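Below, each chain spelled out in residue letters.
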Amino acid sequence: MTRIYDRNVAEPAEEHRASPRAVGGVGPTIIPDRWLGAAMLAPSVLVFLALLIFPLGYGIYTSFFRIDTLDLSTGGTFVGFENYLWLLGNEQFWHALKTSTMFSVVVVSLQIVLGTAVALLLNSSFKGRTLVRGLILFPYMMPVVAVVLVWLLLYNAIFGVINYLIFSVGFIPRVDSIAWLANPTSAFIGVVLVAVWKYFPFVVVIVLARLQVIPQDLYEAAKIDGAGPISRFFDITLRELRDVLLVVALLRTIFIFNNFEIVYLMTHGGPMQATLTLPILVYETALDGDRSFGRGSAIAVVMFAILMCVMTVYFRFLRKEDQK
Amino acid sequence: MASVKFDKLRKVYGKDVVAVAGLDFEIPDGLFVSLVGPSGCGKSTALRMIAGLEEPTSGRLIFGDQDVTDREPRNRDIAMVFQSYALYPHMTVSENLQYGLKKRGVSSEERSISVKRIAHMLHIETFLDRKPRQLSGGQRQRVALGRALIRDPEVFLLDEPLSNLDAKLRVHMRAELATLHQRLRKTMIYVTHDQLEAMTLSDRIVVMNHGVVQQIGSPAEIYNSPSNRFVAEFMGTPSMNMIPCTLKQENGEPRLIAKNLSIPLSKQVASLASRTEVALGVRSEDFEIGAPGIVGGVDARVLVAELTGAEKYIYLELADAKVIARAPADSPICAGDNVSLSFKPHQMHVFDGRGDEAAALRAA
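Residues numbered from 1 in each chain as written. Chains lettered and ligands numbered in written order. Predicted model: local features only at pLDDT ≥ 70, side-chain atom pairs only at ≥ 80, totals over all residues. Heavy atoms only, no water.

Trainee: Pulling in residues and values, what's your account of the sheet that holds strand β7 (residues 78-81) of chain B?
Mentor: Adjacent strands of a sheet form backbone hydrogen bonds with each other and so pair up, either parallel or antiparallel. Residues and elements named next belong to chain B. Across the sheet, 6 strands lie side by side as β7-β8-β9-β4-β10-β11; this open sheet has mixed pairing. One side of each edge strand has no neighbouring strand; the edge strands of this open sheet are β7 and β11 (212-217). Neighbour to neighbour, the strand axes of the sheet diverge by 15° on average, direction disregarded. Bridging between strand β4 (residues 32-36) and strand β10 (residues 204-209) involves 4 bridges; their strand directions are parallel. Bridge assignment links S34 to a residue of β10, and that residue is I205. Each of β4, β8 (155-159) and β9 (187-192) touches helix α5 (residues 167-184); the most contacted strand, β9, lies at about 160° to it. (Pairing = 2+ DSSP bridges. Helix = DSSP H or I, 4+ residues; strand = E, 2+ residues; numbered from the N terminus. Axes fitted to C-alpha atoms, helices over the stretch in contact; angles between N-to-C directions. Contact = heavy atoms within 4.5 Å.)

So, in structure tokens, the structure goes:
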């Protein structure tokens, strides 16, 4: 390698050249260089192992045992794949899987459509835009319990605002009150609406951030090329948003598929198991009715496997797209 | 074929930010015209008004005999090359090229023939299937040009298209643009802040500052007969040297007087001056450097001698002003030398005042 030295300063002799550590001002250390990297990584690796790998491993481990949750100290009895065989033949499991899938697909789709529409609106210029951009985060910042309480009041059959509005417009006679969360279909829709309302601001924030960095030149070039507003939306806006929407879809799917609190607090999985999702089934199996920790773990492991499959397909798709 | 006529075209942002203060000139059909000026002078706004991307506050814009002021960009028969190239990132080069044709309902067979023709013309046949991110700056530049050329518009608009290229590629693409214009003979309007690009490419140059046209002329006219001090200093590298002088009568003869300088001025030019505080402008190549004490010369001290390769720039202190003179590359002059400077008499420019707007005093 060619070195450039100041011509007025003699090149230092090999033995007097400073070692990188000496230059950095760090003196001799008790840890040899080859272990230094590992030592510096160790704390984060330990935290990672303790918080992620251990619970995951323990969950998989317990799924092979019959464990009574009232007495975890016994460690349970090893039953092999019995818990998995049990859930394969369990009708409730398949019903919850179907409900979870439907719930995730509907909620994520609506969140993306609503979030993108609102982001497009907030990306245009109008008076008070900054204030509206702040207010739109309101549902996302509210605690889930508060959100559920507010929506339970809105849905209330006797003094709920939704029924009041419907009565006022005159759609239904005042004598018929609608018990929104007592009917399987309307309860499912009701829970979907709350999940969409609570989490669509997340989509707004991400999509808005992406919209703001789409170069205006592209729109101008398209205008000159003869593209109208609809063509510009599909050919530029949507194409530019595609990557971010795929990421949002993945993140939201993982989140909604695992979501427990909204559904449980609103309907406890009812009525007639219309909103029974896998997280609720895990809770009920492991900690509530059955109190079978092993079976609950087996359901959780299957949920984990499903999400891993979704992620694998997603990342393969992304890699393929990148290679194009 | 279309000429472009600006009829008192004006653009004001908000209540009082005047971007373009009334353009009123005509670009004849088939000419290569550069709008040149410093950042914020209104040249890009003017170009965007021609493109239809910016709505004029007042005035009309006429292509040939058609008033296009209120027409959408797609109905103006123009094409534009952007500084950032603005290639559609998710489309291949081929798709980028034919997008405009597709939006105009051209059949797929015709589009494919046009793409082949343009790709051959610009030597981009080998990367028609690549995405813009897989291309170098120069290749992207060609694709952007191709996208403009493929529609065969009446007017080409080019917004600093070379500014993102490295120096070598810029020179190369400059030559290609000039060749392209000679071949197509279409009206091309080119915006740049690089006066060298404007000088080398254009049939006409429009120099702008603060939204106002300062001068319109051929490159030679602009360089040799600048209308005011701003044009004189903006066009040319190095900039024209300016020496503050006082116009005085000595023995009935008008003279330009500075610290150790006294230069005779023609009575005709002197009579045009409206004030005594004037500026003497001399281009760096119009100085002659000789040994100190030469008759008719002015003594000056060399501050820096800068070798650029083909020649030397000699920085001197002259009459309280710093000036730059050119010397051959093998000149022995170096920093600290005392030299004598003389002026080529017919290459001096006198400006009526010392501000940017100071008009050049020139005998008819």
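Trainee: If you had to explain the pairing of strand β17 (residues 298-307) of chain B to someone new, which residues and values would you point to?
Mentor: All names here are of chain B. As paired strands, β17 and strand β20 (residues 338-343) are joined by 4 bridges and run antiparallel to one another. Bridge pairing in β20 links D299 to S340. Judged from the 6 bridges that link them, β17 and strand β18 (residues 311-318) form a sheet pairing that is antiparallel. Residue pairing across strands places R301 opposite E317, the latter belonging to β18. From the end of β17 to the start of β18, which pair antiparallel, there are 3 residues, and G309 there has a positive phi angle of about 120°.

Trainee: Hey, could you go over helix α4 (residues 91-123) of chain A for me, with residue numbers and the actual values?
Mentor: If you check α4 of chain A, its first and last C-alpha atoms are 47 Å apart, about what 33 residues at 1.5 Å a residue would give, namely 48 Å. Residue N90 of chain A occupies the N-cap position of α4 of chain A, its side-chain oxygen lying 2.8 Å from the main-chain nitrogen of Q92 of chain A. (Expected span 1.5 Å × (residues − 1). Polar contact = N/O pair within 3.5 Å; in protein donor to acceptor, adjacent residues only side chain to side chain.)

Trainee: Residue-level account of the side chain of R147 of chain B, with values.
Mentor: With respect to the element layout, R147 of chain B can be found in helix α4 (residues 137-149). The residues contacting R147 of chain B, other than those within four sequence positions of it, are A221 and D225 of chain A together with F82, Y85, A86, L87, Y88, N96 and L97 of chain B.

Trainee: Hey, could you go over a nonpolar patch on the surface for me, with residue numbers and the actual values?
Mentor: Among the surface-exposed residues, L41, V45, L46, V47, F48, L49, L51, L52 and I53 of chain A lie close enough to one another that they form a single nonpolar patch of about 860 Å² accessible area. Tracing the backbone through its elements, the reader meets L49 of chain A in helix α2 (residues 33-62). (Patch = residues over 30% accessible without salt bridge, like charges linked within 9 Å, V, L, I, M, F, W, Y side chains within 5 Å. Areas by Shrake-Rupley, 256 points an atom, 1.4 Å probe, with all protein chains shown as cover. Salt bridge = Lys/Arg side-chain N within 4 Å of Asp/Glu carboxyl O.)

Trainee: Can you break down the sheet that holds strand β15 (residues 277-282) of chain B residue by residue, with the values?
Mentor: Residue and element names in this part refer to chain B. The sheet built from 6 strands is open, its strands ordered β14-β13-β12-β15-β21-β22 with antiparallel pairing. Among the strands making up the open sheet, the edge pair consists of β14 (261-264) and β22 (360-361). In the sheet, β15 pairs with strand β21 (residues 348-351) via 4 bridges, with the strands oriented antiparallel. Along β21, the bridge assignment pairs V282 with M348.

Trainee: Go over the layout of surface pockets with me, naming the residues and quoting the values.
Mentor: In this model, the largest pocket occupies a volume close to 560 Å³. Lining of the largest pocket is provided by 22 residues; of these, E240 and D243 of chain A together with P89, H90 and R133 of chain B occupy positions nearest its centre. At the level of elements, α10 (216-225), α11 (229-257) and α14 (293-323) of chain A are the ones that each hand at least two residues to the lining of the largest pocket. A per-element tally of the lining of the largest pocket places α11 of chain A first, with 4 residues. Along the lines of polarity and charge, the residues of the lining of the largest pocket split into 8 nonpolar, 2 polar and 12 charged. Within this model, the second largest pocket holds a volume of roughly 450 Å³. (1 Å grid on protein atoms, 1.4 Å probe; cavity = no way out; pocket = protein on both sides within 12 Å on 5 of 7 lines; lining within 4 Å. Points joined across faces, edges and corners; volume = space filled by probe spheres on them. Nonpolar A, V, L, I, M, F, W, Y, C, P; charged D, E, K, R; others polar.)

Trainee: Pulling in residues and values, what's your account of the pattern of salt bridges?
Mentor: Residue and element names in this part refer to chain B. Considering all chains together, one arrives at 20 salt bridges over all chains under this definition. One salt bridge connects D70 with R60, and the closest N-O pair in it is separated by 3.4 Å. Of the two residues, D70 is situated in the loop between β6 (66-67) and β7 and R60 in strand β5 (residues 58-63); the sequence distance between them amounts to 10 residues. You can call R60 partly exposed: its relative accessible area is 32%. Among the salt bridges present, the one from R255 reaches E250, with a minimum N-O distance of 3.7 Å. (Buried < 20%, exposed > 50% of the residue type's maximum accessible area, 1.4 Å probe, protein only.)

Trainee: Any chance you could break down the interface of chain A and chain B for me, citing the residues and the numbers?
Mentor: Listed per partner, the contact involves 18 residues of chain A and 23 residues of chain B. Both sides together, the interface formed by chain A and chain B hides about 1,800 Å², and carbon and sulfur atoms give 52% of it. Broken down residue by residue, the surface that chain A buries against chain B is led by E220, I224 and D225 of chain A, which jointly contribute 37%. Between D235 of chain A and K103 of chain B there is a salt bridge whose closest N-O contact spans 3.3 Å. If you look at where chain A meets chain B, you find 11 residue pairs in polar contact (both at pLDDT 80 or more). No other element matches the 8 residues that α10 of chain A contributes to the side of chain A that touches chain B. Of the residues contributing to the side of chain A that touches chain B, the split by class is 6 nonpolar, 3 polar and 9 charged. (Buried area = accessible area lost by both parts, 1.4 Å probe.)

Trainee: Give a description of helix α8 (residues 161-169) of chain A that names residues and reports values.
Mentor: Residue and element names in this part refer to chain A. Taken as a whole, α8 has its buried residues at N163, I166 and F167. Projected onto a plane normal to the axis of α8, the buried residues spread over an arc of 100° and lie on a single side. Along α8, the residues that are exposed and aim more than 90 degrees away from the buried face are Y164 and V169. G170 occupies a position one or two residues after α8 and carries a positive phi of about 90°. (Arc of directions from axis to C-beta.)

Trainee: Quick rundown of the domain arrangement of chain B? Include the residues and the values.
Mentor: All names here are of chain B. Domain boundaries in chain B define domain 1 (4-233) and domain 2 (242-361). For domain 1 and domain 2, the distance between their C-alpha centres works out to 38 Å. Taken together, the contact between domain 1 and domain 2 spans 10 residues of the former and 13 residues of the latter. When residues of domain 1 are sorted by the area they lose upon contact with domain 2, Y223, R229 and A232 head the list and together hold 53% of the total. At the boundary of domain 1 with domain 2, the tally comes to 7 residue pairs in polar contact (both at pLDDT 80 or more). Taken together, the elements giving at least two residues each to the side of domain 1 that touches domain 2 come down to α7 (219-224) and α8 (229-234). A breakdown of the residues in the side of domain 1 that touches domain 2 according to their chemical character gives 4 nonpolar, 4 polar and 2 charged. (Domains from an automatic or database assignment.)

Trainee: Residues and numbers for the environment of I178 of chain A, please.
Mentor: All names here are of chain A. By secondary structure assignment, the location of I178 is in the loop between α8 and α9 (184-211). By relative accessible area, I178 is classed as partly exposed at 25%. Separated by 111 residues in sequence, I178 and I67 place their C-alpha atoms 43 Å apart.

Trainee: Lay out the domain arrangement of chain A with the relevant residues and their values.
Mentor: All names here are of chain A. Each domain of chain A was delimited in the assignment, giving domain 1 (28-77) and domain 2 (84-323). One C-alpha centre belongs to domain 1, the other to domain 2; they are set 33 Å apart. Contacts between the two partners involve 12 residues from domain 1 and, on the opposite side, 10 residues from domain 2. Counting the contacts that link domain 1 with domain 2 gives 0 salt bridges. Here the side of domain 1 that touches domain 2 gets 4 residues from one element, more than from any other, and that element is α2. Among the residues forming the side of domain 1 that touches domain 2, the class breakdown is 7 nonpolar, 4 polar and 1 charged.

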